[in-house]
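Structure at a glance
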Amino acid sequence: MAAAPPSSAPGGPEPPPLQYSLLLKHLVGEQRRPRAWDPAALGGIPSPPKSEEQKMVERAMESCAFKAALACVGGFVLGGAFGVFTAGIDTNVGFDPKDPYRTPTAKEVLKDMGQRGVSYAKNFAIVGAMFSCTECVVESYRGKSDWKNSVISGCITGGAIGFRAGLKAGVIGCGGFAAFSAAIDYYLR
């Protein structure tokens, strides 16, 4: 237990403040000064100032167009791999409904696998570019980087994709894609 400071006699001199109180004013009070965090002073590795070329490359890589193009290429590759994989495990690849007893040739199976791979690749590329571009635009508009950006862009992307089939499908697509985006964002962050 800390002892209370002695009370002064009426009309007597004011007792000096406790040293702890003075320390608190400088650490968390109004007299607190912001510190400049210099990595070199803290023992970190100092980094030289960035050149104009480095700043230009950073601006280009942080632009919405670059992010959308990167998501488009990544979606194309992932969609192509997914399409070829699903075609490989599908028993109807190369199947001819006119002659169900004929065994398909390797050429026919590979042709169907390639067609499915390209189809999936295009769809994944479009969805990836749409989502990435809308998320970047929403983030730029809001000025924040949080989970709400992915939910809003998921709703926009899902609604735009579903709206081709009608208003109800657009609303369901908006809700479904927004929920999926929120779940993925919650898991990754």
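Please refer to the structure placed before this passage.
The rules behind the values
- Residues numbered from 1 in each chain as written.
- Predicted model: local features only at pLDDT ≥ 70, side-chain atom pairs only at ≥ 80, totals over all residues.
- Heavy atoms only, no water.
- Helix = DSSP H or I, 4+ residues; strand = E, 2+ residues; numbered from the N terminus.
- Buried < 20%, exposed > 50% of the residue type's maximum accessible area, 1.4 Å probe, protein only.
- Contact = heavy atoms within 4.5 Å.
- Areas by Shrake-Rupley, 256 points an atom, 1.4 Å probe, with all protein chains shown as cover.
- Patch = residues over 30% accessible without salt bridge, like charges linked within 9 Å, V, L, I, M, F, W, Y side chains within 5 Å.
- Salt bridge = Lys/Arg side-chain N within 4 Å of Asp/Glu carboxyl O.
- Disulfide = S-S within 2.5 Å.

Focus: the overall build of the protein
- Summing up its helical and strand segments, the protein has six helices and zero strands in all.
- Written out in order from the N terminus, the α and β elements of the protein read α-α-α-α-α-α.
- Out of the 189 residues in the protein, the part that is buried amounts to 19%.
- For the protein, contacts bridging at least 24 residues in sequence account for 53% of all contacts bridging at least 6.
- Accessible surface, the protein: about 14,700 Å² in total, of which carbon and sulfur atoms supply 67%.

Structural notes on the side chain of Asn149
- Within the fold, Asn149 resides in helix H5 (residues 147-162).
- Classification of Asn149 as buried rests on a relative accessible area of 1%.

Observations regarding a nonpolar patch on the surface
- A surface patch of nonpolar side chains, amounting to about 530 Å² of accessible area, comprises Tyr20, Leu23, Leu24, Leu27 and Val28.
- Counting through the fold element by element, Val28 comes out in the loop between helix H1 (19-27) and helix H2 (52-61).
- We classify Val28 as exposed; its relative accessible area is 64%.

Remarks on the state of the cysteines
- Taken as a whole, this structure holds two disulfides when the rule is applied.
- Linked covalently through their sulfurs, Cys64 and Cys136 form a disulfide whose S-S length is 2.1 Å. For the disulfide bridge between Cys64 and Cys136, the dihedral angle about the S-S bond is near -80°, and by the sign convention the bridge is left-handed. Residue Cys64 is found in helix H3 (residues 64-89), and its partner Cys136 is found in helix H4 (residues 106-142); the two are separated by 72 residues along the sequence.
- Relative accessible area serves as the criterion here: at 6%, Cys136 is assigned to the buried category.

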